[in-house]
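Reading the structure
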Amino acid sequence: MVPDLQPSAPLTGEQLAAWVHDARQRTMDLVADLDDDQLVGPVLPTVNPLIWEIGHLSWFSEKFVLRDALGEPPIIPHADALWDSGAIPHDTRWRLSLPSRKETLAYMAEVRDRTVERLLDRRCTDVVRHFALYAVLHEDTHTEAITYTRQRLCYPAPQLPDLVGTSAADAGAGPLPGDVEVPGGTHLLGALRSDPFAYDNEKWAHPVEIAPFAIARAPVTQSEFAAFVDDGGYTRPELWGAGEQWLRSSGARQPLYWRREGDGWQRRDFDGWVALEPHRPVIHLSFWEAAAHCRWAGRRLPTEAEWEVAASAEPGEGSLRDVRRPHPWGDEPTAPEHANLEWRAMGTVDVAAHPAGDSAFGLRGMIGNAWEWTASTFSPYPNFEQDAYRDNSWPWFAEGRKVLRGGAWATRARYIRTTYRNYFTTERRDVLAGFRTCAR
Ligand SMILES: [Fe+2]
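**Focus: the coordination of the iron ion**
- The protein atoms that coordinate the iron ion are His56 (NE2), His138 (NE2) and His142 (NE2), at distances spanning 2.1 to 2.2 Å.
- Sequence positions of the donors to the iron ion reduce to the motif H-x81-H-x3-H. Separated by four residues within a single helix, histidine 138 and histidine 142 lie in helix α5 (residues 126-152), roughly one turn from each other.
- Judged by its relative accessible area of 8%, histidine 138 falls in the buried class.
- Classification of histidine 142 as buried rests on a relative accessible area of 12%.

**Here's the deal with unusual backbone geometry**
- The residue after lysine 203, namely tryptophan 204, is reached through a cis peptide bond having omega -20 degrees.
- Relative to the elements of secondary structure, tryptophan 204 occurs in the loop between β2 (185-189) and β3 (206-210).
- Despite not being glycine, cysteine 154 shows a phi value in the positive range, around 60 degrees.
- Summarising the element assignment, cysteine 154 is placed in the loop between α5 and β1 (179-182).
- For cysteine 154, a relative accessible area of 40% corresponds to the partly exposed category.

**Describing the pairing of strand β5 (residues 258-261)**
- Examined bridge by bridge, β5 and strand β6 (residues 264-269) share four bridges and lie antiparallel to one another. When the bridges of β6 are listed, tryptophan 258 appears paired with arginine 267.

**Quick look at the nonpolar core**
- Counting residues in hydrophobic clusters, the biggest one holds 98 residues, and the most contacted among them are Phe225, Trp240, Trp371 and Phe435.
- A total of 11 residues in this core trace back to one element, the largest contributor, which is α5.
- Filtering out sequence-adjacent residues up to four positions away, phenylalanine 225 remains in contact with Val220, Tyr234, Pro255, Trp258, Val282, Leu285, Glu289, His293 and Phe435.
- With 19 residues, the next largest nonpolar core counts Val182, Ile215, Val309 and Tyr381 among its residues.

**What about the pattern of salt bridges?**
- All chains considered together, the criterion is met by 42 salt bridges.
- Between arginine 24 and glutamate 139 there is a salt bridge; the shortest N-O distance is 2.8 Å. You can see arginine 24 sitting in helix α1 (residues 13-31) and its partner glutamate 139 sitting in helix α5, a full 115 residues away along the chain. Considered together, arginine 24 and glutamate 139 belong to a single accessibility category, that of buried residues.
- Glutamate 314 is the salt-bridge partner of arginine 325, the closest N and O atoms lying 2.9 Å from each other. Of this pair, arginine 325 sits in the loop between α9 (304-312) and β9 (371-377) while glutamate 314 sits in the loop between α9 and β9; the two residues are 11 residues apart in sequence, bridging distant segments of the chain.
- For arginine 325, a relative accessible area of 18% gives the class buried.
- By sharing partners, the salt bridges in this structure join Asp22, Arg26, Asp140, Glu342, Arg412 and Arg414 into a single network.

**A look at the packing of helix α6 (residues 222-230) against helix α8 (residues 287-297)**
- Between α6 and α8, the least distance of the axes is 10 Å, while the angle of their chain directions is 75 degrees. Put simply, α6 runs roughly perpendicular to α8. Between α6, through Glu224, Phe225, Ala227 and Phe228, and α8, the contact on the second element is made entirely by Glu289, Ala292, His293 and Trp296.
- When the residues that make up the contact of α6 with α8 are grouped by side-chain class, the tally is five nonpolar, one polar and two charged.

Cut-off values and rules
Residues numbered from 1 in each chain as written. Predicted model: local features only at pLDDT ≥ 70, side-chain atom pairs only at ≥ 80, totals over all residues. Heavy atoms only, no water. Donors = N, O, S within 2.8 Å, 3.2 Å for Na, K, Ca; no water. Helix = DSSP H or I, 4+ residues; strand = E, 2+ residues; numbered from the N terminus. Buried < 20%, exposed > 50% of the residue type's maximum accessible area, 1.4 Å probe, protein only. Pairing = 2+ DSSP bridges. Core = buried A, V, L, I, M, F, W, Y, C linked by side-chain atoms within 4.5 Å. Contact = heavy atoms within 4.5 Å. Salt bridge = Lys/Arg side-chain N within 4 Å of Asp/Glu carboxyl O. Axes fitted to C-alpha atoms, helices over the stretch in contact; angles between N-to-C directions. Parallel < 35°, antiparallel > 145°, perpendicular 65-115°, else oblique. Nonpolar A, V, L, I, M, F, W, Y, C, P; charged D, E, K, R; others polar.

In structure tokens form, the structure reads like this:
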């Protein structure tokens, strides 16, 4: 039984041990049906070979929990040369002499079982528990990556019978047009020291001044994006600004997984083609595609501070109240009715679904369904404190990445919250990212 799906208080060793099992089981379930060739896959600049990725997330757990926090010797002596993502260039991951599938699975089980044993030992320290949690959350980000890798490589949808079909979304919920007005004021951007867990890039909360703005109640839908494509959006350089270079070099003429069929569009959903679902958010878009749609529509992307205000603040008298919600709906732990997370729908749902997850301003779908590109470049907050895992944020600050907020349908409920910052390079189209817009 998996405990409370939010780290809302320091977790006990028993709860963390359950999370270690649960995270590892999700990983195993996401690759169990793939054959050995599928576990390697083609060399692509974005995805990882899955056989490497599942070894890497176990190595991460072993390195930070068993080796660094507990001082234990490595299980595989040359493991760093196989799975250290900070040291092994991307293309090299396909050329390594990796352990077999059977050996990799045995290593994964060994790391999991040793970690669980240490967590249940009554001498277990806060430091060990911190790194065990860090490793679980790291595995959670990789299970989302494994999911979009399966989409990228045209593999079938993952088999998760215990989850799929447990969505609380109303399948025909439809569109949710219109903007809401958010008053200006001072907002504390980032994580508080009292928060139960925060990554280095969320540290620490600092006041920012926000001018009043109007933001859409829902993300841009597939039909709204199709109108841009059908209006020649991809052939009008004036709409692309700094993204024109990407438009030319990519040769893009429509979203990555779309094709024209008759007089309509279809999108590829894993290994099959389906007609567009008009009221679901459009996803698998680069930052440049989102920005071009904004220009075409006379709109703009929110900054990440505006996004966080819209998701976590509450209206006061003509200004913002001095309140920050960990989730748009408040303090309540994340439940299926709040948001489309955890593979429950095995895809996005209509943007009007999940009214129980609305923010104080009436914005819907800010958590789950689709990550949302923001206009903000990923950079450190003024009082940034680097994590022990130094590659979490620091190497990526200088890359011009853009911040994404809110999580998607394959994000784990236990880690997504209003202060969480994701960050991808502007050309990525394989991730589960869409966008919502603000009035100019
Ligand atoms: Fe990783």
